[in-house]
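# Commentary on secondary and tertiary structure
Residues per chain are reported as follows:
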Amino acid sequence: MKYKGLFLFLSGAGIALVLGWVVFPLALYRTEPQPLSFSHKAHTGQPASMSCDSCHEFAEDGRFLGIPVVDQCAVCHAEPVGKTAGEKRLVEEFVKPKREIPWKVYSRQPDNAWFSHTTHVKKGALKCEECHGDHGQSESLRPYQVNRISGYSRDIWGPNISGIPSQPRLDMKMDRCLGCHAEKNMSQGCISCHK
Amino acid sequence: MEQKNKARYGMVVDLDRCTGCGNCMMACAVENNLAPAEKKANDRTGITWMRVYAMNNGKAFPAAETVFVPMACQQCDKETPCIAVCPQNAVDRDPGSGIVGQVPQRCLGCRYCMTACPYHARYFNWSDPSWPAGMEKALNPDVAPRMRGVAEKCNFCHGRWHAARARAAAQGRSEPDPADYIPACVESCPSRAILFGNLDDAGSEVAKACQEGNCFRFLARLDTESKVYYRSAKPWVREMAEGNRMPSGKDGNLS
């Protein structure tokens, strides 16, 4: 056969590419369900048009309070306002028994990284979108994926397995923190971000 | 652009005030998530970022004198030995605070830094830290626990430094309020033997204290410009700190 070598090469390369681009990410990441379906759009879009800081508050001493606690949902969802199954679950499983919703945090950084929203949002005047993309306008929660080896959320590395950042950027590796800080001429000392 | 956050934190330990009670060691261990020592741990394998040594003048009874020396990382400013030898860049001197920081995740466990450290202030995790069941809940979330196979040391409670800086940012300042950033050992000392603050701020207590006559550094001749100063009115203590005469005796001596 004239093209045997070429055929073998192409099929070998094909198998390697499938392994690398399809099988490897599947093997590396485990998908875990979010505890509840949640639509930012239902709240931040029309007609509710809530602002981000009505849920994601800063405490009086300046600390960022992160994902709202279930008491904050109860203000409006003491009883179902709409007819969706998600809301029904919210009321019955979390609001009424006063149980916190165990959200999986996409952007959760490893234990040894130290990050302050106060510094970035209040003092640095950065927009949420700069780091979190359009999560605040999303209609549903995308799958939460966790790296089987490190236990980190996939959002640290980013959705693209090759490591090339997507647009808008969803990755938040150390080099992205450093990159932005370098543009702003800030200190690059390790302990400014490591704890 | 000018670099923000210019500070050079340092300490002055008054050896004439130290009673050797060990409170600083406890406070340090709690603050910095040091796991309880293993049963088989000894002087060399245990982890004590802050350690109180006893030092005596080697004389017999009526003339015998002992001082206690709280010894943590001396935060060398110049040609910092551990930084110089680290093949991994796991140790660096933070330009904004002068703190010599250690990134355990970067450490490969060669322990070169421990050999290089003139003060024996570095420790190694010979095994994974473990806490008695339930005690993990009492861990300090501002300090990441370390893992087996890495070196660690005092970093001037940089968890508290982070928290103080975030508080400053909330108030729109770039410098933390000195009252907000006090390491655990300083805070816990019942005889107030340790002063802490910004050495570059001429008005601070430490900056004044380290200029006083009986203030000295341990092994000053190595010229590492450590940022932990000591003071004592006893000449033999100052002489011993030079390291020319080794303290004698086995029990608890600096040797």
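Residues numbered from 1 in each chain as written. Chains lettered and ligands numbered in written order. Predicted model: local features only at pLDDT ≥ 70, side-chain atom pairs only at ≥ 80, totals over all residues. Heavy atoms only, no water.

What follows is about the packing of helix H4 (residues 70-77) of chain A against helix H5 (residues 85-95) of chain A. Residue and element names in this part refer to chain A. For the pair H4 and H5, the least separation of the axes is 11 Å and the interaxial angle reads 125°. Accordingly, the angle class assigned to the pair H4 and H5 is oblique. Once H4 is placed against H5, the crossing between them reads as left-handed. Along its contact with H4, which presents Val 70, Ala 74 and His 77, the element H5 presents Glu 87, Leu 90, Val 91, Phe 94 and Val 95. (Axes fitted to C-alpha atoms, helices over the stretch in contact; angles between N-to-C directions. Helix = DSSP H or I, 4+ residues; strand = E, 2+ residues; numbered from the N terminus. Parallel < 35°, antiparallel > 145°, perpendicular 65-115°, else oblique. Left-handed = near helix turned anticlockwise from the far one by under 90°. Contact = heavy atoms within 4.5 Å.)

Residues A:Ile15, A:Leu17, A:Val18, A:Leu19, A:Trp21, A:Val22, A:Val23 and A:Leu26 make up a contiguous nonpolar surface patch of about 780 Å² in total accessible area. Mapped onto the elements of the fold, A:Trp21 is located in helix H1 (residues 4-28). (Patch = residues over 30% accessible without salt bridge, like charges linked within 9 Å, V, L, I, M, F, W, Y side chains within 5 Å. Areas by Shrake-Rupley, 256 points an atom, 1.4 Å probe, with all protein chains shown as cover. Salt bridge = Lys/Arg side-chain N within 4 Å of Asp/Glu carboxyl O.)

A word on the pattern of salt bridges. All names here are of chain B. Applying the stated criterion across every chain, the model contains 25 salt bridges over all chains. Between Glu 31 and Arg 160 there is a salt bridge, and its shortest N-O distance comes to 3.0 Å. Separated by 129 residues along the polypeptide, Glu 31 in helix H1 (residues 23-31) and Arg 160 in helix H4 (residues 158-170) bring together distant segments of the chain. Among the ionic pairs, Glu 212 bridges to Arg 231, the shortest N-O distance being 2.6 Å. Pair noted here: Glu 212 is in the loop between helix H6 (205-209) and strand E9 (215-216) and Arg 231 is in strand E10 (residues 228-231), with a separation of 19 residues, a long-range link. For Glu 212, a relative accessible area of 39% translates into the label partly exposed. A cluster of three or more residues bridged by salt bridges with shared partners is formed by Arg 8, Asp 77, Arg 93, Asp 200 and Lys 227. (Buried < 20%, exposed > 50% of the residue type's maximum accessible area, 1.4 Å probe, protein only.)

Bear in mind that shape data such as this cannot, by itself, settle questions of function.
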